[in-house]
Amino acid sequence: MKNEKTPIPYKIYLEESEMPKQWYNVRADMVNKPAPLLNPATGEPMTAEELGAVFCEELVKQELNNDDRYIDIPQEIADFYKMYRPSPLVRAYCLEEKLQTPAHIYYKFEGNNTSGSHKLNSAIAQAYYAKKQGLKGVTTETGAGQWGTALSMACSYLELACDVYMVKVSYEQKPFRREVMRTYGANVTPSPSMTTEVGKRILAEHPGTTGSLGCAISEAVESATSREGYRYVLGSVLNQVLLHQSIIGEETKTALEKYNIEADMIIGCAGGGSNLGGLISPFAGAKLRGEKDYQIIAVEPKSCPSLTRGKYAYDFCDTGKVCPLAKMYTLGSGFIPSPNHAGGLRYHGMSSTVSQLYEDGVLEARAVEQTEVFQAAIDFARVEGILPAPESSHAIKVAVDEALKCKETGEEKNIIFGLTGTGYFDMYAYQAFNDGKMTDYIPTDEELEASFATLPQIG
Ligand SMILES: *Cc1c(COP(=O)(O)O)cnc(C)c1O
């Protein structure tokens, strides 16, 4: 419910001294912990040593840490955060006015940095731990390009080599994203490529393929594990990434407390689950501890509906099946969203932490169609000014739906949503929408069944 004793500014910023000094680890408050990663060869939980062959040491510790509620943010990372954080919590007065809703809408805007999204919050942390370990460089994959851009920025800041495998179709369709990465010194290779064994194998099996995130992950992992002084890093899905992204939720919580605002509803878009997990972590924690109740909503595309139509099962994280198995809501590792899907959030699985929270009813999920998402994006841009990323616009769509429900019931709910980034590199998608050429494709049950049939038989 609202509390309006203090007038609420358009933008709530925190003072530097109010910025979080620790990340919050929601796993510490979960009774049912997220299921461990499994070694695909043995079916046993991955040990720290096995994970250490792929990931940086300190990040492995964070990945396996289900106990410590808070983890200190190293000073170097805190200093980097200061360049673009705190991010503002914006009261969407203009949107409320346009909708004529009694609801109060707030969005946490993560697009105020060159990478244009929240991904920098984890990129700098991962690059920092790689540097501290004395590594030469890191490898990764990128789909739409935001993660690759964020990692390039973090690596150039720390003088670390950065090799990015970019899904071929994006490499060709988003030349400017590619150039931003190269400007920050990254090596960008279109995937699948002939530079790795798994890339050669995929190209032999599927000549002419335009690639997928799952393929690019396999190539990046091979490229890291086959070279001395390199490790692989990932921009979403993993527990460690959610941990770093908890900075979003902690800042949000502090900003709300500063103005005595009680959130009723928290909404985030969900691809691999990192921004959502980060935004909701402190709120989900309060809910898990029985201190407060919030309605928490994950929003996903109907064309890639892992939470709303997927299975909760162990699955491969990548197409080449070189990664550990993760238990998650998944559509099957062979699932590739229809080519007309332009809105991002195209990963076949969902973070194990978010999956477990969903399984336990801490959060709910909704799936929306991309044409309605782009309509919401444009409505939002015209009143609030910011041109949103298509991914973020999934959250906008549901926030607007909820605000319109409040209009009918007269409820003055406080609706908080995550505006994860800007959409300047998504203008082909906006063009398709503006030209009336955007369509929706919702996979049939038969298509999903065919994909589920490829799930590994575990437990
Ligand atoms: C990557 C990305 C997402 C989705 O990733 P999550 O890990 O689910 O947060 C959402 N919005 C933007 C702008 C992104 O770049």
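All values reported here derive from a predicted model rather than from experimental measurement.

Peer 1: Whenever I open this one, the overall build of the chain confuses me. Can you help?
Peer 2: Counting secondary structure elements, the chain contains 18 helices and 15 strands. Its C-alpha atoms give the chain a radius of gyration of 21 Å, within 12% of the compact-globule value 23 Å for 459 residues. Along the longest, intermediate and shortest principal axes, the C-alpha atoms of the chain span 60 × 50 × 45 Å. The buried share of the chain, taken over its 459 residues, is 62%. Nonlocal contacts in the chain, meaning residues at least 24 apart in sequence, comprise 77% of its contacts between residues at least 6 apart. For the chain, the exposed surface amounts to about 17800 Å²; the carbon and sulfur share of it is 50%.

Peer 1: For this particular structure, what's the right way to read empty space enclosed by the protein?
Peer 2: If a probe the size of a water molecule is rolled over the atoms, the empty space left behind becomes visible. All chains considered together, the criterion is met by 4 cavities of 30 Å³ or more. Around the largest cavity, the lining residues are P301, K302, S303, N340, H341, V368, E369, Q370, D440, Y441 and I442. Looking at the lining of the largest cavity residue by residue, the classes come out as 4 nonpolar, 4 polar and 3 charged. Empty space within the second largest cavity amounts to approximately 50 Å³.

Peer 1: Would you mind going over the nonpolar core with me for this structure?
Peer 2: Note on soluble globular proteins: their nonpolar side chains tend to be buried together. In this structure, I12, W23, I77, Y81, L151, I266 and I280 are the most contacted members of the largest nonpolar core, which totals 75 residues. Broken down by element, this core gets its largest block of residues, 8 residues, from helix α5 (residues 120-132). Two domains share this core, each providing at least three of its residues, namely domain 1 (11-21 + 75-116 + 239-452) and domain 2 (26-70 + 118-232). For I280, the residues in contact, after removing those within four places along its chain, are I266, I296, L357 and L363. Formed by 27 residues, the second largest nonpolar core is a distinct cluster that contains Y107, I396, C406 and F417.

Peer 1: Sorry if this is basic, but what is going on with the packing of helix α15 (residues 370-384) against helix α17 (residues 427-434) here?
Peer 2: Helix packing for two helices is described by the angle between their axes and how far apart those axes are. Here α15 crosses α17 at 100 degrees, and the two axes come no closer than 11 Å. The angle between α15 and α17 places the two elements in the roughly perpendicular class. Two secondary-structure elements touch here, α15 through T371, F374, Q375, A377 and I378 and α17 through A429, Y430, F433 and N434. Broken down by class, the residue content of the contact of α15 with α17 amounts to 6 nonpolar, 3 polar and no charged.

Peer 1: For this particular structure, what's the right way to read the site of the ligand?
Peer 2: Near the ligand you find 17 residues, and of these K119, S236, G271, N275 and T420 are the closest. Side-chain polar atom of Q146 to an oxygen atom of the ligand: 3.3 Å apart, as the coordinates give it. Within the side chain of S236, a nitrogen or oxygen atom sits 2.5 Å from an oxygen atom of the ligand. Computed on the free molecule, the ligand has an accessible area of 380 Å², of which 94% lies beneath the protein chains in the complex. Looking at the shell around the ligand, its residues break down into 4 nonpolar, 11 polar and 2 charged. Looking at the shell around the ligand, you find at least three residues from each of domain 1 (11-21 + 75-116 + 239-452) and domain 2 (26-70 + 118-232).

Peer 1: Would you explain the side chain of T139 in this entry?
Peer 2: Examined against the element boundaries, T139 turns out to sit in strand β6 (residues 137-142). When its relative accessible area of 0% is taken as the criterion, T139 is described as buried. Reaching out from T139, the side chain makes a polar contact with the backbone oxygen of A220 at a distance of 2.7 Å. Discounting chain neighbours no more than four positions away, the residues touching T139 are D163, A220, S223, A224, R227, Y230, R231, Y232 and V233.

Peer 1: Whenever I open this one, the packing of aromatic side chains confuses me. Can you help?
Peer 2: Given two aromatic rings, one states the distance between the centres and the angle between the planes to describe the pair. For the structure on display, the rule yields 15 aromatic pairs. Residues Y24 and Y70 carry aromatic rings whose centres are separated by 5.5 Å and whose planes lie at 50 degrees to one another, so their mutual orientation is tilted. Residue Y24 is found in strand β2 (residues 22-24), and its partner Y70 is found in strand β3 (residues 70-72); the two are separated by 46 residues along the sequence. Residue Y70 is classed as partly exposed on the basis of its relative accessible area, which comes to 43%. Measuring from ring centre to ring centre gives 5.2 Å for Y128 and Y129, while their planes differ by 70 degrees; the resulting arrangement is edge-to-face. Among the residues examined, Y128 registers a relative accessible area of 11% and is labelled buried. Three or more aromatic residues joined by ring pairs make a cluster, and in this case those are F80, Y81, Y84 and Y157. Lying across the ring of Y230, R227 places its NZ or CZ 3.8 Å from the centre. Stacked on the ring of Y312, the Lys or Arg K327 has its end atom at 4.5 Å from the ring centre.

Peer 1: Can you help me understand the sheet that holds strand β14 (residues 364-368) in this one?
Peer 2: Two modes of strand pairing occur in sheets, parallel and antiparallel, and in both the strands are linked by backbone hydrogen bonds. If you trace the 7 strands from one edge of the open sheet to the other, you get β1-β4-β5-β15-β10-β11-β14, paired in mixed fashion. Each edge of the open sheet carries a strand with a single partner, namely β1 (11-12) and β14. In this structure, strand β4 (residues 89-91) lies alongside strand β5 (residues 104-109), joined through 3 bridges in antiparallel fashion. For L89, the partnering residue across the bridge sits in β5 and is K108.

What counts, and where the lines are drawn
- Residues numbered from 1 in each chain as written.
- Predicted model: local features only at pLDDT ≥ 70, side-chain atom pairs only at ≥ 80, totals over all residues.
- Heavy atoms only, no water.
- Helix = DSSP H or I, 4+ residues; strand = E, 2+ residues; numbered from the N terminus.
- Rg over C-alpha atoms; globule rule 2.2 N^0.38 Å.
- Buried < 20%, exposed > 50% of the residue type's maximum accessible area, 1.4 Å probe, protein only.
- Contact = heavy atoms within 4.5 Å.
- Areas by Shrake-Rupley, 256 points an atom, 1.4 Å probe, with all protein chains shown as cover.
- 1 Å grid on protein atoms, 1.4 Å probe; cavity = no way out; pocket = protein on both sides within 12 Å on 5 of 7 lines; lining within 4 Å.
- Points joined across faces, edges and corners; volume = space filled by probe spheres on them.
- Nonpolar A, V, L, I, M, F, W, Y, C, P; charged D, E, K, R; others polar.
- Core = buried A, V, L, I, M, F, W, Y, C linked by side-chain atoms within 4.5 Å.
- Domains from an automatic or database assignment.
- Axes fitted to C-alpha atoms, helices over the stretch in contact; angles between N-to-C directions.
- Parallel < 35°, antiparallel > 145°, perpendicular 65-115°, else oblique.
- Near = heavy atom within 4 Å.
- Polar contact = N/O pair within 3.5 Å; in protein donor to acceptor, adjacent residues only side chain to side chain.
- Phe/Tyr/Trp six-rings, centres within 6.5 Å; stacked < 30°, edge-to-face > 60°.
- Lys NZ or Arg CZ within 6 Å of the ring centre and 35° of its normal.
- Pairing = 2+ DSSP bridges.

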